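Structural characterization, general
As a plain string of letters, each chain reads:
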Amino acid sequence: SVYGISKLAGFHLCKAFRENKGLHTSSGILFNHESPRRGGEYVTQKIVSQAVAIKRGQVKELKLGNLDAKRDWGHAKDYVIAMQKMTELEKADDFVISSGITHSVREFCQKAFACLDLNYRDYVVSDPLFFRPSEKIPLCGDNSKAKKILGWVPTHSFNSIIEEMIEFELKK
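Section: helix α6 (residues 158–171)
Given a rise of 1.5 Å per residue, 14 residues ought to cover 20 Å, and the 21 Å separating the end C-alpha atoms of α6 matches this to within 8%. Those residues of α6 that fall on the buried side of the exposure criterion are Phe158, Ile161, Ile162, Met165, Ile166 and Glu169. Down the axis of α6, the sector holding all buried residues measures 130°, keeping them to one side.

Focus: the packing of aromatic side chains
Within this structure, the stated rule accounts for five aromatic pairs. Ring geometry for tyrosine 79 against tryptophan 152: centres 6.0 Å apart, planes inclined by 75°, an arrangement best described as edge-to-face. With tyrosine 79 in helix α3 (residues 76–87) and tryptophan 152 in the loop between α5 (144–150) and α6, this residue pair connects regions lying 73 residues apart in the sequence. Take tyrosine 79 and tryptophan 152: they sit in the same class, and that class is buried. Site record: aromatic cluster; members linked through ring pairs are Trp73, Phe108 and Phe158. Directly above the ring of phenylalanine 130 sits lysine 46, whose terminal nitrogen or CZ lies 4.3 Å from the centroid. One Lys or Arg, lysine 145, reaches over the ring of phenylalanine 95 and ends 5.2 Å from the middle of that ring.

Examining the layout of surface pockets
With a probe scaled to a water molecule rolled over the atoms, the places where space remains empty come into view. Roughly 1,400 Å³ of internal volume is contained in the largest pocket. In this structure, the largest pocket is lined by 35 residues; those nearest its centre are Tyr3, Asn32, Arg71, Arg132 and Leu139. Put simply, the parts of the chain that give the lining of the largest pocket at least two residues each are α1 (2–21), β1 (27–30), β2 (33–34), α2 (43–55) and β3 (62–64).

Cut-offs used in this document
- Residues numbered from 1 in each chain as written.
- Predicted model: local features only at pLDDT ≥ 70, side-chain atom pairs only at ≥ 80, totals over all residues.
- Heavy atoms only, no water.
- Helix = DSSP H or I, 4+ residues; strand = E, 2+ residues; numbered from the N terminus.
- Expected span 1.5 Å × (residues − 1).
- Buried < 20%, exposed > 50% of the residue type's maximum accessible area, 1.4 Å probe, protein only.
- Arc of directions from axis to C-beta.
- Phe/Tyr/Trp six-rings, centres within 6.5 Å; stacked < 30°, edge-to-face > 60°.
- Lys NZ or Arg CZ within 6 Å of the ring centre and 35° of its normal.
- 1 Å grid on protein atoms, 1.4 Å probe; cavity = no way out; pocket = protein on both sides within 12 Å on 5 of 7 lines; lining within 4 Å.
- Points joined across faces, edges and corners; volume = space filled by probe spheres on them.

Structure follows, in structure tokens:
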């Protein structure tokens, strides 16, 4: 995708300026980072907002693509801490910032709807229209370098991220 190409170009530019010009430039490859501020175009926020709308009787179902697609979801707050630690290094470097754990879209739905005392199976519909051809491989980051060099570990669990997003959406 254009998005992916631009991210890869940025990574290589950062590395080139560090190695060729001596600039203190670190690059973070950040896996999906979630929070209540996540935009509505992302599947996690779509699930949360629609689950709450279903609970309120505003909509009857949620259409999603591949429920078995797996992602490595972490919390944006954890990732900001990792980025800050990257900037504080004496020697700049590149890091993967991730939770290191994958969960499926189905699991996200199950937890989000359970927070609202609903069974996702009663409301979530898998629609081939929303399938992505590139979702055949589970995406999981290896954050071992960030743990070792930065002393960074994610502090928010998958469940706590969803609970926070649901609570925030309920307050709207």
